[in-house]
Amino acid sequence: MPPRGGCCPGTRRARRRNRFPELGEAWRHAGPERHHPAVAGALRQLVERGRLDIPDIEVAVLQLYSLLLFPHLVFSAYGTDIDDSLTDRLVTSGVDMFLDHYSPRHRQP
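Residues numbered from 1 in each chain as written. Predicted model: local features only at pLDDT ≥ 70, side-chain atom pairs only at ≥ 80, totals over all residues. Heavy atoms only, no water.

Novice: Sorry if this is basic, but what is going on with the overall build of the chain here?
Specialist: Across its full length, the chain carries six helices and zero strands. Taken from N to C terminus, the helices and strands of the chain fall in the order α-α-α-α-α-α. The burial tally for the chain puts 32% of its 109 residues in the buried class. Within the chain, residue pairs in contact and separated by at least 24 positions form 58% of the contacts whose partners lie at least 6 positions apart. When the accessible surface of the chain is split by element, carbon and sulfur atoms take 57% of a total near 7,000 Å². (Helix = DSSP H or I, 4+ residues; strand = E, 2+ residues; numbered from the N terminus. Buried < 20%, exposed > 50% of the residue type's maximum accessible area, 1.4 Å probe, protein only. Contact = heavy atoms within 4.5 Å. Areas by Shrake-Rupley, 256 points an atom, 1.4 Å probe, with all protein chains shown as cover.)

Structure, rendered in structure tokens:
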């Protein structure tokens, strides 16, 4: 059952592509059926560029999906959906939480 307003979670993710462009491009090129390797590769690139500090890419991918997709899966399992306003807040705060957790910290020698 598509969410109200005809906007699916994938479309909402695409709207947030400007927040994390490498992940958006990986998703667009690989498609949902091959998302894990594509997102893992995008995260590795961000780590290599010093933009993120992720010690375990596999865990980080699952955490990101949990923050962005899990609420929609739970609601849809019960035959309901999440309105656009809550979706925007969940996606924005989920990405912020993910980036805050994996942002490089200034380390002292």
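Novice: Where do I start with the environment of L68 in this structure?
Specialist: One can find L68 in helix α4 (residues 57–68). For L68, a relative accessible area of 15% gives the class buried. When the C-alpha positions of L68 and S93 are compared, they lie 9.3 Å apart, and in sequence the two are 25 residues distant. Apart from residues no more than four positions distant in its own chain, L68 is found in contact with V91 and V95.

Novice: So what exactly am I meant to see when it comes to the nonpolar core here?
Specialist: Counting 17 residues, the largest nonpolar core has L43, L52, I54, V61 and F98 as the members making the most contacts within it. Mapped by element, the contributors of at least two residues to this core are α3 (35–48), α4 and α6 (84–102). With six residues, α4 is the single largest residue contributor to this core. (Core = buried A, V, L, I, M, F, W, Y, C linked by side-chain atoms within 4.5 Å.)

Novice: It is not clear to me how α4 should be interpreted in this structure. Could you clarify?
Specialist: What sets the pattern is the α-helix's 3.6 residues per turn: residues three or four places apart point alike. With twelve residues, α4 should reach 16 Å at 1.5 Å per residue; the first-to-last C-alpha distance of 16 Å fits that figure. What α4 keeps buried is the set I57, A60, V61, L64, Y65 and L68. Down the axis of α4, the smallest arc covering the buried residues is 135 degrees, so these residues share one side. The N-cap residue of α4 is D56: its side-chain oxygen and the backbone nitrogen of E58 are 3.2 Å apart. (Expected span 1.5 Å × (residues − 1). Arc of directions from axis to C-beta. Polar contact = N/O pair within 3.5 Å; in protein donor to acceptor, adjacent residues only side chain to side chain.)

Novice: I would appreciate a short explanation of the environment of S103 in the present structure.
Specialist: Mapped onto the secondary structure, S103 falls in the segment after α6. The exposure class of S103 is partly exposed, given its relative accessible area of 25%. Aside from chain neighbours lying at most four places away, what touches S103 is L52 and D53. A polar side-chain atom of S103 sits 2.3 Å from the main-chain carbonyl oxygen of L99.

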